[in-house]
Amino acid sequence: MVDTIPYYSDPPNYDDFLKHHLIPNIPAVMGPQLIDHWEARQTWIEPVSQSTPDDAHPQPQSQPAYEYLRQYFGNAQVQVADCDQRDFTDQKRSTLTFDAFVDLWQQSQHRYYLKDWHFVQAFPDKIMYQVPDLFADDWMNEYWQKETEDDYRFTYMGGDGTFTPFHADVYRSYSWSSNICGVKKWTLFPPGQEDLYKDKLGNMVYDIRDVDPKVFPKFALAKRIVIYQKDGETLFVPSGWFHQVENFGGTISINHNWLNACNIEQCYESMANDLRDVERSIDDLRGGMEPMEFVTTCQQLLLAHSGWNWKTLDRLLTCISSRLESGMEPSLPQPPIDWQLDKICLVRQRLCLEPFYDQYDLL
Ligand SMILES: O=C(O)CCC(=O)C(=O)O
Ligand SMILES: [Fe+2]
């Protein structure tokens, strides 16, 4: 088990990153050199005007350039989470203009957090950052951009005390998070301890700072690693590592969810687990349905629950394998083509065992 996270002031080369992080599924922090040239690092921030010294965590070196951001993005519609109001496993969300959000952001009594902003989609002509080569082998965004209107490329903006509750990322994707300004405290939990996070009814811990030991008696036993991600630093979050994130000072980050041959099997496993949960939840209806109807209903529920089902995964695999098989020279660093195709083949073999696999196109 790792107990510290490797820090690279100079970004590692791809082969080392593949060998020491992507394949063994180990986090890494990269110093500001990786992103200092980004437009967002040049224009979205300014030096901190005031700071409240606190020995408990590093101090932010920069803060959002609020007026600059307002000027360019003020009219955009954004989704904002109120960190003081829980809504089941998430925070209560509402839609505001970016301008209205900045008003709230600048008032420290509020803890509103602009989350999951599809910034690149909203402003395709404003090139504010480039995906670092280390993270460019990304099947998830490649497929989503080719076949749909959606993507998994996000911008986050929040003030002191805003936070993201305890979770693991969608379908055990990786994420990377680059901090434009502010300080983020990450508490990361290595995979394999999931039984410690649940109460008797299967509900998950929501906020790791407020866990009732009577309800979650084993949570305190969970091994965790805390890191403070400072201005300009980038964190690689591996597959299936639960985490909670707390912000200090005005914080802006850019985060992508991504997957590739190194974690596609974990993604499949996670979807299969979610599907088994869906099947259990409607098991009492099974007797009154044709087998195909039951499968279709479960697939629809899976899609509604998290935007993916077997057909989605099947199409993603087809999209990526046709690119890999086309013989085009790989332009970005990635694992050997045959190794990637073998991984796709393994996942397909498992998908083939699912009932009615040959009829997914009808779903
Ligand atoms: O920055 C945050 O508040 C949450 C980010 C996150 O959960 C992620 O990048 O996986
Ligand atoms: Fe996350």
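Thresholds applied
- Residues numbered from 1 in each chain as written.
- Chains lettered and ligands numbered in written order.
- Predicted model: local features only at pLDDT ≥ 70, side-chain atom pairs only at ≥ 80, totals over all residues.
- Heavy atoms only, no water.
- Donors = N, O, S within 2.8 Å, 3.2 Å for Na, K, Ca; no water.
- Buried < 20%, exposed > 50% of the residue type's maximum accessible area, 1.4 Å probe, protein only.
- Near = heavy atom within 4 Å.
- Polar contact = N/O pair within 3.5 Å; in protein donor to acceptor, adjacent residues only side chain to side chain.
- Areas by Shrake-Rupley, 256 points an atom, 1.4 Å probe, with all protein chains shown as cover.
- Helix = DSSP H or I, 4+ residues; strand = E, 2+ residues; numbered from the N terminus.
- Nonpolar A, V, L, I, M, F, W, Y, C, P; charged D, E, K, R; others polar.
- Phe/Tyr/Trp six-rings, centres within 6.5 Å; stacked < 30°, edge-to-face > 60°.
- Pairing = 2+ DSSP bridges.

The name that an unreviewed UniProt entry assigns to the chain is JmjC domain-containing protein, with the source organism given as Absidia glauca.

Participant: Please provide a residue-by-residue account of the coordination of the iron ion (ligand 2), values included.
Facilitator: Distances from the iron ion (ligand 2) to its protein donors, His167 (NE2), Asp169 (OD) and His243 (NE2), fall at 2.1 Å. Overall, aspartate 169 belongs to the buried group, its relative accessible area being 11%.

Participant: Before we move on, could you go through the site of ligand 1 and cite the residues and values that matter?
Facilitator: Every residue close to ligand 1 is listed here: Tyr113, Tyr156, Thr164, His167, Asp169, Ser175, Lys184, Trp186, His243, Val245 and Asn255. A distance of 2.5 Å separates an oxygen atom of ligand 1 from a polar atom in the side chain of threonine 164. Histidine 167 has a polar side-chain atom sitting 3.0 Å from an oxygen atom of ligand 1. In isolation ligand 1 has 290 Å² of accessible area, and contact with the protein removes 97% of it. Elements that contribute at least two residues to the shell around ligand 1 include exactly strand 9 (163-167), strand 10 (174-189) and strand 13 (242-258). In terms of residue class, the shell around ligand 1 is made up of 4 nonpolar, 5 polar and 2 charged.

Participant: Explain the packing of aromatic side chains to me, using residue names and the numbers behind them.
Facilitator: Each pair of aromatic rings is reported with the distance of its centres and the angle of its planes. Counting across every chain of the model gives 43 aromatic pairs. Judged by centre distance (5.2 Å) and plane angle (70 degrees), the ring pair of phenylalanine 17 and phenylalanine 236 falls under edge-to-face. Of the two residues, phenylalanine 17 sits in helix 1 (residues 14-22) while phenylalanine 236 sits in strand 12 (residues 234-237), which places them 219 residues apart along the sequence. Both residues of the pair, phenylalanine 17 and phenylalanine 236, belong to the buried class.

Participant: Break down unusual backbone geometry for me, with residues and values.
Facilitator: If a residue is not glycine, its phi is most likely negative; likewise, a peptide bond is most likely trans. At phenylalanine 88, a residue that is not glycine, the phi angle is positive and equals roughly 55 degrees. Take phenylalanine 88: it is sitting in the loop between strand 5 (77-87) and strand 6 (90-97). On the basis of relative accessibility, which here comes to 72%, the residue phenylalanine 88 falls in the exposed class. The backbone phi angle of tyrosine 171 is positive, close to 45 degrees, even though this residue is not glycine. In this fold, tyrosine 171 is placed in the loop between strand 9 and strand 10. Relative accessible area serves as the criterion here: at 4%, tyrosine 171 is assigned to the buried category.

Participant: Go over the pairing of strand 12 with me, naming the residues and quoting the values.
Facilitator: Judged by which residues are buried, strand 12 turns out to be covered on both faces: Thr234 and Phe236 on one side and Leu235 and Val237 on the other are all buried. Where strand 2 (residues 28-30) and strand 12 come together, 3 bridges link them in antiparallel fashion. Across the sheet, residue methionine 30 finds its bridge partner in strand 12, namely threonine 234. Bridge analysis of strand 10 against strand 12 gives 4 bridges, and the strand direction is antiparallel. Looking across to strand 12, one finds that serine 177 is bridged to leucine 235.

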